[in-house]
Amino acid sequence: MLRHGLPQARAGQVIGVLGGSFDPAHEGHVHITKAALERFGLDSVWWLVSPGNPLKSRGPAPMAERLATARAVMQHPRVKVTDIEARLGTRYTAQTIAALQMVYPDVRFVWLMGADNLAQFHRWQDWREIMERVPVGVLARPGDRISARMSKTARLYRENRLIGRASQLLGRADAPMWSFVNLPMSASSSSAIRAAGNWG
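The protein carries the name Probable nicotinate-nucleotide adenylyltransferase in an unreviewed UniProt entry, which gives Octadecabacter dasysiphoniae as its organism. UniProt, in the comment section headed Function (unreviewed entry), describes the protein in these words: "Catalyzes the reversible adenylation of nicotinate mononucleotide (NaMN) to nicotinic acid adenine dinucleotide (NaAD)."

1. Some details on the sheet that holds strand E1 (residues 14-20)
Read across the sheet, 7 strands follow the order E3-E2-E1-E4-E5-E7-E6 without closing on themselves; strand pairing throughout is parallel. For this open sheet the edge positions go to strand E3 (79-82) and strand E6 (161-162), each flanked by a neighbour on one side alone. Bridge count for E1 against strand E4 (residues 108-114) is 5 bridges, and the pairing is parallel. Note that in E4 the partner of Gly16 across the bridge is Val110. The sheet contacts of helix H1 (residues 27-39) involve E1, strand E2 (44-49), E3, E4, strand E5 (136-140) and strand E7 (178-182), and relative to E2 the element is tilted by about 145 degrees. Across the sheet, helix H4 (residues 93-103) lies against E1, E2 and E4, angled at about 155 degrees from E4, the strand it touches most.

2. A word on unusual backbone geometry
The step from Asp23 to Pro24 runs through a cis peptide bond, and the omega angle for that step is 0 degrees. As for its position among the elements, Pro24 is in the loop between E1 and H1. Here the residue pair Ala175 and Pro176 is connected by a cis peptide bond, since its omega of 0 degrees sits within 30 degrees of zero. Positionally, Pro176 belongs in the loop between E6 and E7. Phi at Phe22 is positive, roughly 45 degrees, even though this residue is not glycine. Within the secondary structure, Phe22 is located in the loop between E1 and H1. What makes Phe22 buried here is its relative accessible area of 4%. Phi is positive for Asp126, which is not a glycine, with a value near 55 degrees. With respect to the element layout, Asp126 can be found in the loop between helix H5 (115-119) and helix H6 (127-133). The class of Asp126 is partly exposed, set by a relative accessible area of 41%.

3. Some points on H1
Across its 13 residues, H1 extends 18 Å between first and last C-alpha, which sits within 8% of the 18 Å expected from 1.5 Å per residue. Of the positions making up H1, those classed as buried are Gly28, His29, Val30, Ile32, Thr33, Ala35, Ala36 and Leu37. Positioned one or two residues after H1, Gly41 has a phi angle of 65 degrees, which is positive.

4. Notes on the environment of Asn160
Within the secondary structure, Asn160 sits in the loop between helix H8 (152-156) and E6. Separated by 14 residues in sequence, Asn160 and Asp174 have C-alpha atoms that sit 9.9 Å apart.

5. Details of the side chain of Thr82
Position of Thr82 relative to the elements: it lies in strand E3. Take Thr82: its relative accessible area is 5%, and that puts it in the buried class. A polar contact of 3.4 Å, which involves the side chain of Thr82, links it to the backbone nitrogen of Ile84.

6. Structural notes on the packing of aromatic side chains
In this structure the tally under the stated criterion is 7 aromatic pairs. A centroid spacing of 5.2 Å and a plane angle of 65 degrees characterise the contact between Trp46 and Tyr104, whose relative ring orientation is edge-to-face. A residue pair is termed long-range when its members are at least 10 positions apart, and Trp46 in strand E2 and Tyr104 in the loop between H4 and E4 qualify at 58 residues. A residue is classified by how much of its surface remains accessible, and Trp46, at 0% relative accessible area, is buried. On the basis of an interplanar angle of 85 degrees and a centroid distance of 6.4 Å, the ring pair of Trp111 and Trp124 is categorised as edge-to-face. Here Trp111 is found in strand E4, whereas its partner Trp124 is found in the loop between H5 and H6, with 13 residues between them in sequence. The exposure classification of Trp111 matches that of Trp124, with both residues buried. Here the aromatic cluster, defined as three or more aromatic residues joined through ring pairs, consists of Trp111, Phe121, Trp124 and Trp127. Over the aromatic face of Tyr92 sits the side chain of Arg91, whose NZ or CZ is 5.7 Å from the ring centroid.

What counts, and where the lines are drawn
- Residues numbered from 1 in each chain as written.
- Predicted model: local features only at pLDDT ≥ 70, side-chain atom pairs only at ≥ 80, totals over all residues.
- Heavy atoms only, no water.
- UniProt positions renumbered as here; feature names shortened; annotations may be inferred.
- Pairing = 2+ DSSP bridges.
- Helix = DSSP H or I, 4+ residues; strand = E, 2+ residues; numbered from the N terminus.
- Contact = heavy atoms within 4.5 Å.
- Axes fitted to C-alpha atoms, helices over the stretch in contact; angles between N-to-C directions.
- Buried < 20%, exposed > 50% of the residue type's maximum accessible area, 1.4 Å probe, protein only.
- Expected span 1.5 Å × (residues − 1).
- Polar contact = N/O pair within 3.5 Å; in protein donor to acceptor, adjacent residues only side chain to side chain.
- Phe/Tyr/Trp six-rings, centres within 6.5 Å; stacked < 30°, edge-to-face > 60°.
- Lys NZ or Arg CZ within 6 Å of the ring centre and 35° of its normal.

Dropping the structure here:
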């Protein structure tokens with residue numbers, strides 16, 4: 001029996017997981033989510049609106065505000081905006097993925113992130129465990145491509161990369177496996193939106 005409030009998933013589904021503070025959610029998040037559905041062969045994407053980002057010193061806006069904004073911005077039948085991390089009581093991505101795999105043992109998860117995160121992924125708590133647990137889909141945003149491709153993670157796992165159209169196979173691949181796709185990305189950023197006074 002799943003805990004109340006957790007999203008439903010069918011056995012065998014491939015679900016992309018996009019985590020972050022979404023402070024606030026914006027069209028850039030929507031753009032990479034739709035691209036991930038197409039490029040990585042996903043059945044669905046779950047947004048994990050986190051209680052807080054351990055790598056950021058400034059606390060995020062209240063969870064209820066961020067969830068409401070995310071749900072207003074991301075309206076797609078195959079995308080669910082969730083507060084799973086708060087419900088599971090996990091703080092770090094590796095913990096969240098392990099908990100998801102325990103709750104949904106028959107579902108295949110793919111961790112999604114922008115290329116800017118890949119560039120500093122080796123700073124994340126238990127980052128190698130993440131790579132070993134689930135395939136990782138990386139979507140390039142403006143200005144982040146070179147640093148991401150030269151990152152410690154990209155170099156260490158260079159033999160485990162799916163390239164080109166093989167990215168469609170990512171969701172069915174066994175970890176460690178990752179794919180990096182270049183897309184004409186939206187330049188929207190949460191920090192720019194906050195600076196413009198449109199949030200909180």
